[in-house]
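Results of the structural survey
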Number of protein chains: 2
Amino acid sequence: MNKISPQIKFLIEHAAITTKLHKQIDICLSYQGISFTEFLIMHHLYGSPQHMMRRTDLADSIGITASGVTRLLAPMEKNRIVDKERNPRDARQSLVKLTQTGQQLYRDSMVGFADFSKNKLKSWTVKEIETVAQLFQEI
Amino acid sequence: MNKISPQIKFLIEHAAITTKLHKQIDICLSYQGISFTEFLIMHHLYGSPQHMMRRTDLADSIGITASGVTRLLAPMEKNRIVDKERNPRDARQSLVKLTQTGQQLYRDSMVGFADFSKNKLKSWTVKEIETVAQLFQEI
DNA sequence: GAGATATGCTTGAGTAGTCAAGGATAAGAC
DNA sequence: GTCTTATCCTTGACTACTCAAGCATATCTC
């Protein structure tokens, strides 16, 4: 059998590790009743001006499609975690805004997530994290 | 707003990058009519003695559940990419074996995947790849 | 300012898994 | 040998998306 390059090996191993990692994150966040994807949505909204973003930008920042965003936000709107706002300049757009409830839920979830992150990456130095982050930016 | 630790930032950014990466891999492999998960299954079978593995080990090596393996393998058995074999020592187990057809399909898919991997990680040195791989092993 | 084209979002239908329960077999305790 | 417990796999019901199509609105060309 042909030699497997380091690049191939890495992508394959990385896929399995990442899948397992995301399952652990989901378990960690399930205590607050949310999924990792919902957490990511709240995170990006929380960090935006007026806690508000366009749906397509939100989709891009978490790596899913626009239709995925529509489906994800439907229950979050019902639970008043996010609100729909119109853009007066462009009637095609509908902006998403994190409500007060959503902001509090985000802060609460962040406690567990911060703990998890710290623990999970405890064997990586901050310098290593930054180096790896930089490398991933380049791909 | 509270300070976001490097660990938190990394996990969030890494999630988005990984999601996009896996979609690109799926597109790359779709020319051979297979998904990344199917490729991973073939990869692990190909590298095993007699191209054969237990279903639970297969599940663990790619990071999905046993029931996920059952569902994934069903169409692959129908297409004669893998075969079901019994373990004479333990009637509970059913082993999965990569057929000749499956081996050829794997080698064919590997051409495109190798190209993709090389191109995708072209800005990483081999040393960097190995360092990052090592770090991911530790989490 | 009318027509063509592009953008933003949602929808119906489909796919790739998950989980919890269950059936079959195996292994350990006595 | 029988009872309990553990392991391996599959199944029904569900979730979290994807894609292609479509509607509404905006923008660009002339």
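The written sequence of each chain sets the order in which its residues are numbered from 1. Chain letters and ligand numbers both follow the written order, the letters beginning at A and the numbers at 1. The predicted nature of this model means local features are confined to residues of pLDDT at least 70 and side-chain atom pairs, given and counted, to a pLDDT of 80 or more, with totals for whole chains, interfaces and linings taken over all residues. Side-chain metrics in this entry use all non-hydrogen atoms of the structure; hydrogen atoms and water are not considered.

As for the sheet that holds strand β1 (residues 52–54) of chain B
Residues and elements named next belong to chain B.
- Pairing is antiparallel across the open sheet formed by three strands, whose spatial order is β1-β3-β2. Two strands lie at the open edges of the sheet, namely β1 and β2 (82–86), each paired on one side alone. Within the sheet, the average angular offset between the axes of one strand and its neighbour, ignoring direction, is 30°.
- One ladder, built from three bridges, connects β1 with strand β3 (residues 94–98); its direction is antiparallel. Bridge pairing in β3 places M53 opposite V96.
- The contact criterion used throughout is that any non-hydrogen atoms of two residues lie within 4.5 Å. Lines fitted to C-alpha atoms define the axes, with helix axes restricted to the stretch in contact, and inter-axis angles between N-to-C directions lie between 0 and 180 degrees. Runs of H or I in DSSP of at least four residues are treated as helices and runs of E of at least two as strands, each being numbered from the N terminus. Strand contacts of helix α2 (residues 36–46): β1, β2 and β3, with the helix running at about 95° to β3, the strand carrying the most contacts. When DSSP finds two or more bridges between two strands, those strands count as paired.

Re the confidence of the model for chain A
- Averaged over every residue, the pLDDT of chain A is 94; the share at 70 or more is 99%.
- Per-element confidence in chain A is highest for helix α2 (residues 36–46) of chain A, whose mean pLDDT is 97, and lowest for strand β2 (residues 82–86) of chain A, whose mean pLDDT is 92. The pLDDT score gives, residue by residue, the confidence of the prediction method on a 0 to 100 scale.

Observations regarding the interface of chain B and chain A
- Taken together, the contacts link 52 residues of chain B with 52 residues of chain A.
- Note on chain B versus chain A: buried area summed over both sides is about 4,800 Å², and carbon and sulfur give 78% of it.
- What makes a salt bridge here is a side-chain nitrogen of Lys or Arg within 4 Å of a carboxyl oxygen of Asp or Glu, nothing more. Across the pair K20(B) and D60(A) runs a salt bridge, and its minimum N-O distance is 3.7 Å.
- Side-chain atoms alone can form a polar contact between residues adjacent in sequence; in general such a contact is a pair of N or O atoms within 3.5 Å, and within protein one must be able to donate a hydrogen while the other accepts it. Counting every contact that joins chain B to chain A gives 11 residue pairs in polar contact (both at pLDDT 80 or more).
- Breaking the side of chain B that touches chain A down by element, the ones donating at least two residues are α1 (6–30), α2, α3 (55–62), α5 (100–120) and α6 (126–137) of chain B.
- The leading source of residues in the side of chain B that touches chain A is α1(B), at 18 residues.
- Residues are grouped as follows: nonpolar covers Ala, Val, Leu, Ile, Met, Phe, Trp, Tyr, Cys and Pro; charged covers Asp, Glu, Lys and Arg; every other residue, Gly included, is treated as polar. Split into classes, the residues belonging to the side of chain B that touches chain A amount to 32 nonpolar, 12 polar and eight charged. Once two parts are joined, some of their accessible surface, as seen by a 1.4 Å probe, is lost; buried area is that loss totalled over both.

A look at the protein's contact with DNA strand D
- Lining the immediate surroundings of DNA strand D are 22 residues, of which T65(A), A91(A), R54(B), T70(B) and R71(B) lie closest.
- If even one non-hydrogen atom of a residue comes within 4 Å of a molecule or strand, that residue is called near it. A share of 64% of the atoms of DNA strand D within 4 Å of the protein falls on sugar and phosphate groups.
- Between DNA strand D and the protein, one listed contact pairs a phosphate oxygen with a side-chain N or O atom of T65(A) at 2.5 Å.
- Taking T56(B), its main chain carries an N or O atom lying 3.1 Å from a phosphate oxygen of DNA strand D.
- Contributing elements (two or more residues each) for the surface near DNA strand D: α4 (66–78) of chain A together with α3 and α4 (66–78) of chain B.
- Per-class residue counts for the surface near DNA strand D are four nonpolar, nine polar and nine charged.

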